[in-house]
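Chains, contacts and geometry: an overview
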Amino acid sequence: MNFFKKLFGGVESKEKAKDGTAIYTYNQQAAFEPPAPMQYVEEIVTHFEAVFAGRDSSVFHEIISDTIHIDVNVMSPTEEEPFWVLYTNGMSDLPMTIPDEVQEQMEEVVDRAEVMMFLPGSWELTEESLQDENNYWPIRLMKQMARFPHQYNTWLGYGHTIPNYENYEPYADGTGLNGVILFQLSEEVSVISAKDGTRIHAFFLLPLYKEEMEYKLEYGMDALLEKLFALGDDALILNPNRANTCK
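To keep things clear, this report deals only with the structure shown in the data block. Quick caveat: nothing in here was measured; it's all calculated off a predicted structure. (Residues numbered from 1 in each chain as written. Predicted model: local features only at pLDDT ≥ 70, side-chain atom pairs only at ≥ 80, totals over all residues. Heavy atoms only, no water.)

Let us look at empty space enclosed by the protein. Counted under the stated rule, the structure contains 1 cavity of 30 Å³ or more. Here the largest cavity defines a volume of roughly 100 Å³. Pro 207, Asp 234, Ala 235, Leu 238 and Arg 242 are, among the 15 residues lining the largest cavity, the residues nearest its centre. Looking at the lining of the largest cavity element by element, the count peaks at 5 residues for strand E10 (residues 199–208). When the residues that make up the lining of the largest cavity are grouped by side-chain class, the tally is 12 nonpolar, 1 polar and 2 charged. (1 Å grid on protein atoms, 1.4 Å probe; cavity = no way out; pocket = protein on both sides within 12 Å on 5 of 7 lines; lining within 4 Å. Points joined across faces, edges and corners; volume = space filled by probe spheres on them. Helix = DSSP H or I, 4+ residues; strand = E, 2+ residues; numbered from the N terminus. Nonpolar A, V, L, I, M, F, W, Y, C, P; charged D, E, K, R; others polar.)

We now examine the side chain of His 160. Looking at the secondary structure, you find His 160 in the loop between helix H3 (133–151) and strand E7 (161–163). A relative accessible area of 0% places His 160 in the buried class. Polar side-chain contacts of His 160 include one of 2.9 Å to the backbone nitrogen of Gly 157. (Buried < 20%, exposed > 50% of the residue type's maximum accessible area, 1.4 Å probe, protein only. Polar contact = N/O pair within 3.5 Å; in protein donor to acceptor, adjacent residues only side chain to side chain.)

All right, on to H3 then. In this model, H3 (19 residues) spans only 23 Å end to end at C-alpha, well below the 27 Å of a helix rising 1.5 Å per residue. The largest bend in H3 comes to about 25°, at Ile 139. Within H3, 14 of the 19 residues are buried, leaving the element largely enclosed by the surrounding structure. Between the side-chain oxygen at the start of H3 and the backbone nitrogen of Asn 134 there is a gap of 2.9 Å, and the oxygen is on Asp 132. (Expected span 1.5 Å × (residues − 1). Bend = angle between axes of the 7 residues up to and from the residue.)

This paragraph deals with the pairing of strand E8 (residues 179–183). Counting buried residues in E8 gives 5 out of 5 residues, a clear majority hidden from the surface. Alternating residues of E8 divide into Gly 179, Ile 181 and Phe 183 and Val 180 and Leu 182, and every residue in both groups is buried. Pairing of E7 with E8, which is carried by 3 bridges, proceeds in the antiparallel orientation. When the sheet's bridge partners are listed, Pro 163 is paired in E8 with Gly 179. (Pairing = 2+ DSSP bridges.)

The subject of this paragraph is the packing of helix H5 (residues 210–219) against helix H6 (residues 221–229). For any two helices packed against each other, the geometry is given by the interaxial angle and the distance between the axes. Where H5 contacts H6, the axes come no closer than 7 Å and their chain directions differ by 140°. Our classification of the angle between H5 and H6 gives oblique. Along the contact surface, H5 presents Glu 212, Tyr 215, Lys 216 and Tyr 219, while H6 presents Met 221, Ala 223, Leu 224, Lys 227 and Leu 228. Residue classes in the contact of H5 with H6 are distributed as 6 nonpolar, no polar and 3 charged. (Axes fitted to C-alpha atoms, helices over the stretch in contact; angles between N-to-C directions. Parallel < 35°, antiparallel > 145°, perpendicular 65-115°, else oblique. Contact = heavy atoms within 4.5 Å.)

Structural data, given as structure tokens:
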């Protein structure tokens with residue numbers, strides 16, 4: 001799917017990565033708007049409760065919202081699958097802005113999306129523990145990515161990489177990870193079929209190091225995934241201090 005190598009929108013910097021990806025900058029945010037009505041809450045929850053059955057669930061509700069209301073739903077670890085499942089609910093209330101030339105090459109409309117992550121069962125997610133940025137940053141990242149396409153009138157899709165600011169700042173003091181790439185699990189997990197016929201794509205966030213983002217831009221998504229999945233569980237279940245596969 002080479003069309004995914006055309007990054008989102010924004011202002012083209014006239015630079016291109018070696019894998020053909022256009023590099024864009026984002027300087028103008030959309031003006032503040034009241035959040036859109038939440039359309040798919042129950043259907044998204046029902047989907048994840050069916051896919052990850054037998055887990056207790058809770059929700060981190062957003063108090064103040066701009067453009068869209070983003071909640072982060074949390075599903076507890078189980079004995080068989082000892083990791084937390086986190087997913088957003090609200091990103092899909094508005095369609096993303098996909099350039100016409102990209103949309104024309106897509107096999108289906110992918111303008112409604114949510115994001116998800118796995119955290120290790122030992123990760124602290126109590127209200128008190130989340131006061132520590134070393135615990136909170138994955139939730140912050142999910143909310144940032146969910147709001148990003150609506151703030152900048154753009155889109156996110158499989159294989160897109162987003163650094164944490166231009167200078168690749170680590171997400172927190174306790175990690176060197178400083179960017180993210182969008183991946184997708186199997187269709188059973190990552191595609192939510194709503195009653196109105198809308199297909200919502202849940203993109204999986206894989207935090208990266210700068211060197212790994214640069215490697216992807218030079219050699220492509222498949223080459224990076226080969227390196228990441230050599231890590232075993234650390235590929236999908238967040239380890240803030242995992243090995244840098246490109247260093």
